[in-house]
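For reference, the chains in residue letters:
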Amino acid sequence: MHSSSRRLLATVALSTVVAVVGTACSSGAGSTDAKDADSGTYTIWDPYPQFAKGSAWTKLLDKCGTQAGVKIQRTGFDTSDLANKTLLAAQQGNSPDVLIVDNPVVSTLAEAGVLTTTDDNKLDTSKVDPNLLAAGQSGGKTYGTPIGANTLALYYNKEVLKEAGVDIASVKDWKSLTAALAKVKQAGKKGITFSAIGTEEGSFQFLPWFWGSGAQLTELDSDEAVSALSLWRDWLKKGYAPNSVINNTQTTSWQEFAGGDYAFAENGTWQLAGAEKAGFEYGVLPIPGSDGGNAAAPTGGEFVTLPVQDDTGRYTTSQKLASCLTSTQNLYDTDTTLSYVAPTSEVQDKQAAANPALKAWVDAVKAAKGRTSGDLGTKYPKISEQLWKAVQAALSGSKSPEDALTSAQAAAE
């Protein structure tokens, strides 16, 4: 794409990008100069500021650089900061050579003309699970390859369920889950906690129930969507879920579960280390669909992408770097470090063999889908905002689920 039109599009995209990031973030900073005067230096930007120099991640970047015969200049940004910095760099013709970015932002950057397609850059995506690759697709083209995925499932406290006389094998759909929550409440314990805050985190956590009902993001006011929101509202009304969910982030929701009184918590792969330290026996169950089976939960995780460069001669080396980062062995090491499920069946099998506790997460990731999938692209942030507003309105009691979702659909259109 011509650079002047690319810059215009990049400016427009700045406003879109802020809304879609931030389901799991950290903070950090670094140099924002994407290009080094030395053409033997290649720049990599990533959203992992928690990994400092000398960490396994930065050692991998250096190793991939050595194999490609170049030096690596790496900068780790906060997730929400990275997208904006990338758009500004594109405007200035100063994009990094390799960009690792949160998956829902890929379509925004692609539509802004910032990223090369896999047809252009020759990245091999043939082994990647199609449902995970879809998060990086827009307008029939693919823009990068996933480095790994996280998603949502239900953690459960084995002791609480035992005391309430609940057999986890009986929990197969919404009806049996609600029956389990009723038993837990009767036993004097707490039911389920989740995050329904009025941000992207709230939409992220509602989506498995929304999709699990059979609803589509293009029709927020469908009967299926109403059934999903009514499920959550009824849980609050009956005391199966606490009113705190309205303000809960995924972190505060996790803290409630870690206290040991709750039977269930909806949360992500990134809480696995916390679960090990919680001091009680836990299990993990993929979120059930309304009538059974595993609901599609949204995928989190990042894509390795190659931004557009004025010097097209750089692409060959950039492709080598991206291929190195996503090779089978390196994916295994990286996804273990990040508590992610790998994007290929080959590495997923290896992960599950090394750690059987990951089996439920592999199943959840196989059923998951990208928030921008189905060519929603840059329409997703607007839809998501209306969805979380509807959830807030219904759970606070200011509107019925039907009215909340009717308003949401009208605003999203």
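Our subject is the structure listed above.
Cut-offs applied
- Residues numbered from 1 in each chain as written.
- Predicted model: local features only at pLDDT ≥ 70, side-chain atom pairs only at ≥ 80, totals over all residues.
- Heavy atoms only, no water.
- Phe/Tyr/Trp six-rings, centres within 6.5 Å; stacked < 30°, edge-to-face > 60°.
- Buried < 20%, exposed > 50% of the residue type's maximum accessible area, 1.4 Å probe, protein only.
- Lys NZ or Arg CZ within 6 Å of the ring centre and 35° of its normal.
- Helix = DSSP H or I, 4+ residues; strand = E, 2+ residues; numbered from the N terminus.
- Pairing = 2+ DSSP bridges.
- Core = buried A, V, L, I, M, F, W, Y, C linked by side-chain atoms within 4.5 Å.
- Contact = heavy atoms within 4.5 Å.
- Axes fitted to C-alpha atoms, helices over the stretch in contact; angles between N-to-C directions.
- Parallel < 35°, antiparallel > 145°, perpendicular 65-115°, else oblique.
- Left-handed = near helix turned anticlockwise from the far one by under 90°.
- Nonpolar A, V, L, I, M, F, W, Y, C, P; charged D, E, K, R; others polar.
- Salt bridge = Lys/Arg side-chain N within 4 Å of Asp/Glu carboxyl O.

**Q** So what exactly am I meant to see when it comes to the packing of aromatic side chains here?
**A** Both the distance between ring centres and the angle between the ring planes are used here to describe each pair of aromatic rings. Within the structure shown, the criterion is met by 16 aromatic pairs. Taking 6.2 Å as the distance between ring centres and 65 degrees as the angle between the ring planes, the aromatic pair formed by Tyr 48 and Phe 51 counts as edge-to-face. Judged on exposure class, the residue Tyr 48 and its partner Phe 51 are both buried. Following the ring pairs from residue to residue traces out a cluster consisting of Trp 174, Phe 194, Phe 206, Trp 209, Phe 210, Trp 232 and Trp 235. Stacked on the ring of Tyr 42, the Lys or Arg Arg 314 has its end atom at 4.1 Å from the ring centre. When the ring centre of Trp 211 is taken as reference, the NZ or CZ atom of Lys 369 above it lies at 4.6 Å.

**Q** Looking at this model, I keep getting lost on the pairing of strand 7 (residues 152–157). Mind explaining?
**A** Remember that side chains alternate between the two faces of the sheet whenever the strand is regular. Strand 7 sits mainly inside the fold: 6 of its 6 residues count as buried. Sheet analysis places strand 7 next to strand 9 (residues 262–268), joined by 5 bridges and oriented antiparallel. Bridge pairing links Leu 154 to Glu 266 in strand 9. Pairing of strand 7 with strand 10 (residues 282–285) involves 4 bridges; the strand directions are antiparallel. Across the sheet, residue Tyr 156 finds its bridge partner in strand 10, namely Gly 283.

**Q** In this structure, what is going on with the nonpolar core? I would like to understand it.
**A** Note on soluble globular proteins: their nonpolar side chains tend to be buried together. Core analysis: the largest hydrophobic core is formed by 58 residues, its most contacted members being Trp 209, Phe 210, Leu 217, Trp 235 and Phe 264. For this core, the secondary-structure elements that each account for two or more residues are strand 7, helix 7 (158–163), helix 8 (174–186), helix 9 (200–212), helix 10 (223–237), strand 9, helix 17 (380–396) and helix 18 (401–412). Every residue in contact with Phe 210, bar those within four places of it in the chain, is listed here: Ala 215, Gln 216, Leu 217, Glu 219, Leu 220, Ala 225, Ala 228 and Leu 387.

**Q** Would you mind showing me how to read unusual backbone geometry here?
**A** Excluding glycine, residues mostly have negative phi values, and the peptide bonds linking residues are mostly trans. Backbone geometry places Ser 339, a non-glycine residue, at a positive phi of 60 degrees. Assignment of secondary structure puts Ser 339 in the loop between helix 14 (328–338) and helix 15 (345–354). Phi is positive for Asp 375, which is not a glycine, with a value near 60 degrees. You can see Asp 375 is positioned in the loop between helix 16 (359–367) and helix 17.

**Q** What exactly am I supposed to notice about the sheet that holds strand 11 (residues 302–305) here?
**A** Sheets are built from strands paired through backbone hydrogen bonds, the pairs being either parallel or antiparallel. In space, the 5 strands of this open sheet follow the order 2-1-3-11-6, with mixed pairing throughout. Looking at strand neighbours, the two that pair on one side only are strand 2 (71–76) and strand 6 (145–146), the edges of this open sheet. Judged from the 2 bridges that link them, strand 1 (residues 41–46) and strand 3 (residues 98–102) form a sheet pairing that is parallel. Residue pairing across strands places Trp 45 opposite Leu 99, the latter belonging to strand 3.

**Q** How should the packing of helix 2 (residues 56–68) against helix 14 be read in this particular structure?
**A** The relative placement of two packed helices comes down to the angle between their axes together with the axis-to-axis distance. Orientation of helix 2 relative to helix 14, taken along the N-to-C sense of each, is 155 degrees, at an axis distance of 10 Å. Looking at the two axes, helix 2 sits roughly antiparallel to helix 14. For the crossing formed where helix 2 meets helix 14, the hand is left-handed. Taking contact as the criterion, the partners of Ala 56, Trp 57, Leu 60, Lys 63 and Cys 64 in helix 2 are, on helix 14, Asn 330, Thr 334 and Thr 337. Grouping the amino acids of the contact of helix 2 with helix 14 by side-chain chemistry returns 4 nonpolar, 3 polar and 1 charged.

**Q** What should I look at first to understand the pattern of salt bridges in this one?
**A** Close approach of charged atoms lets side chains of opposite charge pair. Summed over the entire model, instances satisfying the criterion amount to 11 salt bridges. Where Lys 85 meets Asp 81, a salt bridge forms, and the shortest distance between an N and an O atom there is 3.1 Å. Taken together, the positions of Lys 85 and Asp 81, both in helix 3 (residues 79–91) and 4 residues apart, correspond to about one turn of that helix. Of the charged contacts, one joins Arg 233 and Asp 234 as a salt bridge, the two residues approaching to 2.9 Å between their closest N and O atoms. With relative accessibility at 26%, the residue Asp 234 sits in the partly exposed group.

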